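Structural characterization, general
The chain contents come next:
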Amino acid sequence: MKKSLITAAIAASLPLLAGAQTATDAFQLSQQGLRGTARFMSMGGAFTALGGDLSTLNQNPGGIGLYRNSEIGATLDINILSGKSTTQGFSASSSMTKANCNNFGYIGAVYTGSDIMPYFNWGASYSRTASFDRRFKGSIGNLQGSLTNLIAGYTTQDAFSDSDLSGGTDYNPYLDSQASWMSILAYNSFMITPVGSPTNYQGMWQNGTSGYGSFASEEKGYTDEYAINFGGNISNIVYWGMGFGITDLEYRQSVYYTEDMENASIPVLDNDGNTIGTTTGGGGFGLDSWKHIWGSGFNFKIGAIVRPINELRLGFAVHTPTYYNLKQEGFAQTDFGMGGGISGTNQVNDGYVDYFEWKLRTPWRIMAGVAGVIGSQAILSLDYEYRPMQKTHVSDRDGYAYTDINGDITTYYKAVNILRLGAEYRISPSWSVRAGYQWQSSPVEQSFERGEEYVYTDGPDGTETTPSFTIDKTRQYVTCGLGYHYKNFYADAAYVHGIRKGAFQTFTANNYNGATPVQAKLSDKTDQIVISAGFKF
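Notes on the structure follow. (Residues numbered from 1 in each chain as written. Predicted model: local features only at pLDDT ≥ 70, side-chain atom pairs only at ≥ 80, totals over all residues. Heavy atoms only, no water.)

**Thoughts on the pairing of strand β4 (residues 134–140)**
- Burial along β4 is one-sided: the residues Arg134, Phe136, Gly138 and Ile140 are buried and none of Arg135, Lys137 and Ser139 is.
- When β4 meets strand β7 (residues 210–234), the two strands line up antiparallel, connected through seven bridges. If you follow Arg135 over to β7, its bridge partner there is Glu218. (Buried < 20%, exposed > 50% of the residue type's maximum accessible area, 1.4 Å probe, protein only. Helix = DSSP H or I, 4+ residues; strand = E, 2+ residues; numbered from the N terminus. Pairing = 2+ DSSP bridges.)

**Here's the deal with the pattern of salt bridges**
- By the definition in use, this model includes 23 salt bridges.
- With a shortest N-O distance of 2.8 Å, Asp25 and Lys291 are connected by a salt bridge. Taken together, the positions of Asp25 in helix α1 (residues 23–29) and Lys291 in strand β9 (residues 275–309) put the pair 266 residues apart, joining distant regions of the chain.
- According to the relative accessible area criterion, Asp25 is buried, its value standing at 5%.
- Through salt bridges with shared partners, a single network forms among Arg134, Glu219, Asp472, Arg500 and Asp524. (Salt bridge = Lys/Arg side-chain N within 4 Å of Asp/Glu carboxyl O.)

**Details of a nonpolar patch on the surface**
- On the surface, Ile237, Val306, Leu314, Phe316, Ile366, Val370, Leu382, Tyr384, Tyr386, Leu419, Leu421 and Trp439 cluster together to form a nonpolar patch covering roughly 940 Å² of accessible area.
- For the nonpolar patch, the secondary structure elements donating two or more residues are β10 (312–319), β14 (365–374), β15 (378–388) and β17 (415–426).
- Within the fold, Tyr384 resides in strand β15.
- Among the residues examined, Tyr384 registers a relative accessible area of 33% and is labelled partly exposed. (Patch = residues over 30% accessible without salt bridge, like charges linked within 9 Å, V, L, I, M, F, W, Y side chains within 5 Å. Areas by Shrake-Rupley, 256 points an atom, 1.4 Å probe, with all protein chains shown as cover.)

**Description of helix α7 (residues 403–412)**
- Those residues of α7 lying buried are Ile405, Asn406, Asp408, Ile409 and Tyr412. Here the buried residues of α7 occupy an arc of 150° about the axis, which is enough to place them on one side. Opposite the buried face of α7, at more than 90 degrees from it, the exposed residues are Thr403 and Asp404. (Arc of directions from axis to C-beta.)

**As for the pairing of β10**
- In terms of strand pairing, β9 meets β10 through seven bridges, oriented antiparallel. Directly across from Val306, in β10, lies its bridge partner Leu314.
- Adjacent in sequence and paired antiparallel, β9 and β10 are bridged by two residues.
- With eight bridges connecting them, β10 and β14 associate as antiparallel partners. By the bridge assignment, His319 is partnered in β14 with Arg365.

**Considerations on the environment of Ile405**
- Mapped onto the fold, Ile405 is located in helix α7.
- Its relative accessible area of 6% is what places Ile405 among the buried residues.
- Note: C-alpha distance between Ile405 and Tyr226 (179 residues apart in sequence) is 30 Å.
- Not counting residues within four places of it along the chain, the set of residues in contact with Ile405 comprises Gln21, Thr22, Ala23, Val394 and Pro460. (Contact = heavy atoms within 4.5 Å.)

**Thoughts on the nonpolar core**
- Leu147, Ile151, Tyr257 and Phe285 are the most contacted members of the largest nonpolar core, which has 44 residues in total.
- Within the residue set of this core, elements represented by two or more residues are β4, α3 (147–158), α6 (181–187), β8 (238–269), β9, β11 (323–338) and β21 (519–536).
- Here this core gets six residues from one element, more than from any other, and that element is α6.
- Setting aside chain neighbours within four positions, we find Phe285 in contact with Ser146, Leu147, Thr148, Met191, Met204, Tyr257, Thr258, Glu259, Met261, Asp335 and Phe336. (Core = buried A, V, L, I, M, F, W, Y, C linked by side-chain atoms within 4.5 Å.)

**Thoughts on unusual backbone geometry**
- Phi is positive for Ser235, which is not a glycine, with a value near 55°.
- Phi angles above zero are rare outside glycine, and Asn263 is one such case at about 55°.
- Along the chain, Asn263 falls in strand β8.

**Some thoughts on the packing of aromatic side chains**
- For the coordinates displayed, the defined rule picks out 28 aromatic pairs.
- Ring centres 6.4 Å apart and planes at 50° place the aromatic pair Phe120 and Trp240 in the tilted group. Taken together, the residues span a long stretch of sequence, with Phe120 in strand β3 (residues 119–131) and Trp240 in strand β8 at a distance of 120 residues.
- For Phe120, a relative accessible area of 31% translates into the label partly exposed.
- A network of ring pairs unites the aromatic residues Phe27, Tyr412, Tyr413, Phe448 and Phe469 as a single cluster.
- A cation over a ring is seen here: Arg128 above Tyr222, with NZ or CZ 4.1 Å from the ring centre.
- For the cation-ring pair, Lys536 lies above Tyr490, with the distance from its terminal atom to the ring centre recorded as 5.9 Å. (Phe/Tyr/Trp six-rings, centres within 6.5 Å; stacked < 30°, edge-to-face > 60°. Lys NZ or Arg CZ within 6 Å of the ring centre and 35° of its normal.)

**Some remarks on the side chain of Lys291**
- Here Lys291 falls in the buried class, since its relative accessible area comes to 4%.
- Engagement of the side chain of Lys291 in a polar contact is seen with the side chain of Glu464, the distance being 3.1 Å.
- Ignoring sequence-local partners within four residues, the contact set of Lys291 consists of Asp25, Tyr251, Arg252, Gln253, Gln328, Glu329, Gly330, Glu464 and Thr466. (Polar contact = N/O pair within 3.5 Å; in protein donor to acceptor, adjacent residues only side chain to side chain.)

Shown next, in the form of C-alpha cells:
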C-alpha cells in the first residue's frame, strides 16, 4: 500500500460530530484561581465570614447582606507569569505579561424600615474567576523511548491494517474508518511501519536507539462569571444571600513535541513509494497539536453569615456545579525527516479541524469561615473550602455520560482542600494594611502523579491528537495590600505571588516496548499587581 505524504482530500467539508475530550481536559476547565477585588485578593480570599466586598458575589452570597450603602467599583490587574521546566537536569524558562479588568460590579442597598429585615440588597458583577494562561518549554537530552512505539503498540492492538490508515481518492481514513486519528497521522508521516503483516506495526525505537527531544506548550484562556445576587439581614444577626452565575469559558492550547533519533527503525520505500521493509538509520519528527474549547454555563450559590456578637462572624456557602455546554475543535500536523530521502509534512483530515460539542459538570464547592473583629482596627479571618475534583462529570451533547472518561477522572483525581488566611489592620482613619495566604492541596492521585497510570488522551472516539498532558499539584498564594478611603471614595492595591507545582508528561505510561515517556517538573509563578477603586453612597 502506497503512503501519501499529504492525506487525500476529503469528500465533504461537513463538521464532525465526534467526541474527543479527555479527563485532563475536564479537570483543566474545572479549576479556579484567586481572583477578585484588590482587598479580597490582598487577604488571600478569606472572605467567607466577612462579606461586604464585591467579590463576595462570587464566593459567599451571604456577604451581600452586610451592606448598608450602595457600592460601585472596578478592578484592574497586571499579571506577570513565568514557567520553568526541569528535565533530566536541563532547565528552561518562559514568561508572558497580561493586563485585564478583573472585576466590576454594583450593589444596591435598600432600607426597608423593618426591625426584622432592615435591609434587602441586590447586586450584579462581572469577575474573571479563572485564568488558564501558562507557557513552558524544555529539552530532553536523553530519550528513554519514543511516542512512535506507543502509537505502533495500540495500532497493532486495534488490528487496523495499512489499507485502513491510507488515504485515497474515494477514501478518507479520518472519516471512513474507526482508527485513532493519531494512528492515521503517524502512519502517513512514516512514524510507524507495518512489519511482517498489514496489522503489525513497528515504531522508530529499537535496541541501540538513542536520541533527544524537545517540547513547547502554551495555554490561554479564562472563565468569566456574571453574577446576579440578592439577600438581606435578619435582625442584624443573620446575613443571607443567594445568587446565579452565568459563566463564559474560553480555552486554547498548543503543544509542539519533537524527537530526533539515531540508530532508529525507519522505513524503506521502493521507487513507487511503497514500504518494502525497515532499516536502521537516523530520523525524527515534530508533532504540532492544537485545541480550542469554548462555551457557557450556569450555577447557583447560597450562603449566610452569622454575627452572634460584634467580635465574631461565622460564614458558610455552597456552590452547585457549573453546568457547561461546550464546543471543541482540534487539529494536528507533523513534520518529519528520515534517512533514504523521506521527508515532508502531514495534517490530520487534510487540514480540516475536528469539531464536536459536549457537556461538562464541575464539582460542588462547599466553604466555611470564621472571622474575628477586634474593635474598629483589626480583622482576622480563616476559611476552609472543599472541592471534590473526582466528581467532575462529562457527557455528550445529548447528555449521555461518557462512562469511560468519568471513570478516568475518578482514577486520576481526588478532592482538593483549600485553606485561606487573611488579616487587615487600620493604621489611621483612612489607611489600612492587609496580608493573606492561600494553600490548595494536590488534586491528583499518587499513581497519576508518579506517572504510573495509563492516561487516555485520544477521547471517546479516538479523534484527540495531543498525547501529552500536565499534572497540576499544589498551589499557594502569598498576598499583601494597602487600602485608602476618603468619604465615599475608596482605592485598594494588592500584590499577589502565586506558585503552582506540577509536571508535564510527553505521553502516557504503557507496557509497549521502547515507549517509555519522559516527565518534566513544572513550576509556575504568577506575580499580580491589582488596583481597585469605587464609591459607596
